[in-house]
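Read off the chains here:
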Amino acid sequence: MDDELNLGDLSLACAWALVDGLVRGGVRDACLSPGSRSTPIALALARHPSIQLHVHLDERSSGFFAVGLANASRRPVIIACTSGTAAAEFLPAIVEASRSRVPLLALTADRPPRLRGTGANQTIDQVGLYGGYVRECLDLPVPETPGQEAWWAQSALQALEATRSDPVGPVHLNCPFDEPLTPSPGATLPPPNDDPLELPRRAEAALTDEEADRLAGMVSGARGAVVIGGWPGDLTGEASYWSQSLGWPVIAEPTGGGARRPEESLAAGQTVLGDMAWVGRHRPDLVIQVGATPTSRATQAFIAGAERLIVADRWHPDSDPDRQASWRLAVDADVLREALERQRLRPADDDWTRAWADADRAARSALDRFLDGVDEPFEPRIARDIAAWIPERGTLFVGNSTPIRDLDLAMAPRDGLRVMANRGASGIDGLVSTALGIASAGPRSGPADTTPGPTVALLGDLSVQYDIGALLWAGRAGVDLVVVVVANGGGEIFSLLPQRQLPEHRELFVTPHQVDLASVCAAADVGYAQLDQAAALTPALDDAVRAGGLQVVEVVVDPVRALELRTELQASIDAALAGSAP
């Protein structure tokens, strides 16, 4: 090795070649947590003119911020950290990204391989750290010899191709560096390479003629139904085809991109499916599930009770976890529709179409009438009112546990709203960070003169506490985000599950708390308002958007009364559906 070679300069050159290659492939954002071993990566990210750098103290929050940012922008996002347990902190976000098909590029700095297994400080075995949750793990060479920059640049291309594999997902690049880690004062970098990388196009799956004919034979004239689960795009056209052309009811989850207009999907699908007696009298011949496994138990039971089930999805690895489908098709929704449009199909009979339409109108009317009559805050009303209030081109990020289910129950179909959620692993970790990442993604594609709407997060109180460090770190960051916190005293979803029968129910599952969110927001310089009346929510949202920055609206819910209201609501729906029955 040349005695005059500065390893710090070479390490920076290799890190620059990697980052520049990723930029050529379309990467524009990077999330970095501070550390010493990652100095070459940090400098390359900070000095590249095409990278927007987001610095986070906590690697776990940084990873989830990147999940939101990548999901909203539909571009790969870099997450970078130092060696040791810092790299392990990325695992929850990588699991979520893997299961929800989000392209992340994890750049973990590492000690040289000779130090692995020796007990050296801050050294763990990072190769293969994320197991099968990454599409590929690349262990790059230690920068020791001039010319290795080409190897690091080639690794960028390999990583980008891996993120686009089927299924799309995260990739791990382990980046070992030897000391010295800082470059010499006179170190120079080449100019960015403006030549974009030519990445291969993802192959589009299609139905064979035999498959299309078989499918048409099953669909034509059938009393069927379509369930649209989570999907990363707009499925309005698909929902319209099934409901308008075939006369089938469409039950579309808010995150499925099909819950747009009442004439295209059921306006109160969950309330209808929640009446088991009504559904038992209207059992479909065939159910086609598009997208991920449904969130709510009523929809899961509806699918399980179908005579035949077809699952059409290539985005999710577990869209049929109970293996109930008689046929699985690894195709996108538009492929399914286009194959059937070429056939001469008979729609469902009028009695079938009319029965579902009448039941849906009755259920929606009863649902809204009941919620409008509730003066105290009640979780389904909170979800319904937020979804209706968000202006055009706005975004709603909804948390796991009860918020996603209450939104599925109560949201009325509407256009101009993007609904997002972390439904890959469905955890409550990192939800505040994910919402901040979504809010930081900038305007969506559309007319240049169209102003994007606000970003609102609907989260439970335990979810906010789990990721409370994100509030403390981002309070002064200038991100415009409204976080609505349903303060019902803990994990109240367990009051709806069999665990409620256990004597340790509240201590071990609900986990009530005494956290003063107002004090936390004051310490973080975050705007705060607390509400105890249902009608006060939308005015408070108006005020929060006008104030700008990070705002928290805490809505206090009496959990005992909320359980009573849920029972009363279902009784109202059941009565309305009994009246709509032929």
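The structure under discussion appears in the preceding block.
What you see is a predicted model, and the numbers here were worked out from it, not measured in a lab.

Chemist: Teacher, can you tell me more about the pairing of strand E2 (residues 52-55) here?
Modeler: A regular strand carries its side chains on alternate faces of the sheet. Pairing geometry for strand E1 (residues 29-32) and E2, over four bridges, is parallel. Opposite Ala30, over in E2, you have Leu53 as the bridge partner. Running through helix H2 (residues 39-47), the crossover from E1 to the neighbouring parallel element E2 is right-handed.

Chemist: I would appreciate a short explanation of unusual backbone geometry in the present structure.
Modeler: Cis geometry marks the peptide bond from Glu179 to Pro180; its omega dihedral reads 5°. Considering the arrangement of structural elements, one finds Pro180 in the loop between strand E6 (171-176) and helix H7 (209-219). With a phi close to 75°, Ser401 is a non-glycine residue in the positive phi region. With respect to the secondary-structure elements, Ser401 resides in the loop between strand E12 (394-398) and helix H15 (402-410).

Chemist: Even after reading the chapter, I still don't get the pairing of strand E10 (residues 308-312), so can you show me in this structure?
Modeler: Counted residue by residue, E10 has four buried out of five residues, so it is predominantly covered. Across five bridges, strand E9 (residues 286-290) lies against E10 in parallel orientation. The residue of E10 that forms the bridge with Val290 is Ala312. As a crossover connection, the stretch from E9 through helix H11 (residues 297-304) into E10 is right-handed. As paired strands, E10 and strand E11 (residues 327-329) are joined by three bridges and run parallel to one another. By the bridge assignment for E11, Ala312 is matched with Leu329.

Chemist: Please explain the sheet that holds E2 as it appears in this structure.
Modeler: Hydrogen bonds along the backbone pair up the strands of a sheet, which may run parallel or antiparallel. Read from one edge of the open sheet, six strands run E2-E1-E3-E4-E6-E5, paired in parallel fashion. In this open sheet, the two edge strands, each paired with only one partner strand, are E2 and strand E5 (137-139). Direction aside, neighbouring strands of the sheet carry axes that sit 20° apart on average. Bridge count between E1 and strand E3 (residues 77-81): three bridges; the pairing is parallel. Note that in E3 the partner of Cys31 across the bridge is Ile79. Docked against the sheet, helix H1 (residues 7-24) engages E3, strand E4 (104-110) and E6, running at close to 180° with respect to E4. The sheet strands contacting helix H3 (residues 59-73) are E1, E2, E3 and E4, and the helix crosses E3 at an angle near 175°.

Chemist: Please explain the packing of aromatic side chains as it appears in this structure.
Modeler: A complete count under the given rule lists six aromatic pairs for this structure. Taken together through their ring pairs, the aromatic side chains of Trp278, Phe302, Trp352 and Trp356 make up a single cluster. Against the face of Trp327 rests Arg214, its NZ or CZ located 3.9 Å from the ring centre.

Chemist: What am I meant to see in the packing of H3 against helix H5 (residues 91-99) here?
Modeler: For any two helices packed against each other, one specifies the inter-axial angle together with the distance between the axes. Contact geometry for H3 and H5: axes closest at 7 Å, N-to-C directions at 20°. Comparing their axes, H5 and H3 come out roughly parallel. Both H3 and H5 take part in a crossing whose hand is right-handed. Note on element contacts: H5 touches H3 through Pro92, Ala93, Glu96 and Ala97, opposite Arg60, Gly63, Phe64 and Val67. Of the residues in the contact of H3 with H5, the class split is five nonpolar, one polar and two charged.

Chemist: Where do I start with helix H6 (residues 149-163) in this structure?
Modeler: Residues that lie three or four places apart on an α-helix share one face, since the helix turns once every 3.6 residues. Its 15 residues place the ends of H6 21 Å apart at the C-alpha level, agreeing with the 21 Å of an ideal helix rising 1.5 Å per residue. Considering only its buried residues, H6 is in contact with H1, E4, E5 and E6.

Chemist: Looking at this model, I keep getting lost on the environment of Leu563. Mind explaining?
Modeler: By the element assignment, Leu563 lies in helix H22 (residues 559-580). Leu563 sits in the partly exposed class, given a relative accessible area of 31%.

Chemist: Help me understand the pattern of salt bridges, please; the structure alone is not making it clear to me.
Modeler: One side chain can pair with another of opposite charge once the charged atoms of both are near each other. Evaluation of the coordinates by the stated rule reveals 21 salt bridges. Note that Arg384 and Asp368 form a salt bridge whose closest N and O atoms lie 3.1 Å from each other. Here the residue Arg384 occupies a position in helix H14 (residues 379-389), and Asp368 occupies one in helix H13 (residues 350-372), the gap between them amounting to 16 residues. Assessed through its relative accessible area of 22%, Asp368 is described here as partly exposed. Each of Arg364, Asp368, Asp372, Arg381, Arg384 and Asp385 takes part in a single network of salt bridges with overlapping partners.

Procedures and definitions
- Residues numbered from 1 in each chain as written.
- Predicted model: local features only at pLDDT ≥ 70, side-chain atom pairs only at ≥ 80, totals over all residues.
- Heavy atoms only, no water.
- Pairing = 2+ DSSP bridges.
- Helix = DSSP H or I, 4+ residues; strand = E, 2+ residues; numbered from the N terminus.
- Right-handed = clockwise from strand over helix to strand, strands pointing away.
- Buried < 20%, exposed > 50% of the residue type's maximum accessible area, 1.4 Å probe, protein only.
- Axes fitted to C-alpha atoms, helices over the stretch in contact; angles between N-to-C directions.
- Contact = heavy atoms within 4.5 Å.
- Phe/Tyr/Trp six-rings, centres within 6.5 Å; stacked < 30°, edge-to-face > 60°.
- Lys NZ or Arg CZ within 6 Å of the ring centre and 35° of its normal.
- Parallel < 35°, antiparallel > 145°, perpendicular 65-115°, else oblique.
- Left-handed = near helix turned anticlockwise from the far one by under 90°.
- Nonpolar A, V, L, I, M, F, W, Y, C, P; charged D, E, K, R; others polar.
- Expected span 1.5 Å × (residues − 1).
- Salt bridge = Lys/Arg side-chain N within 4 Å of Asp/Glu carboxyl O.

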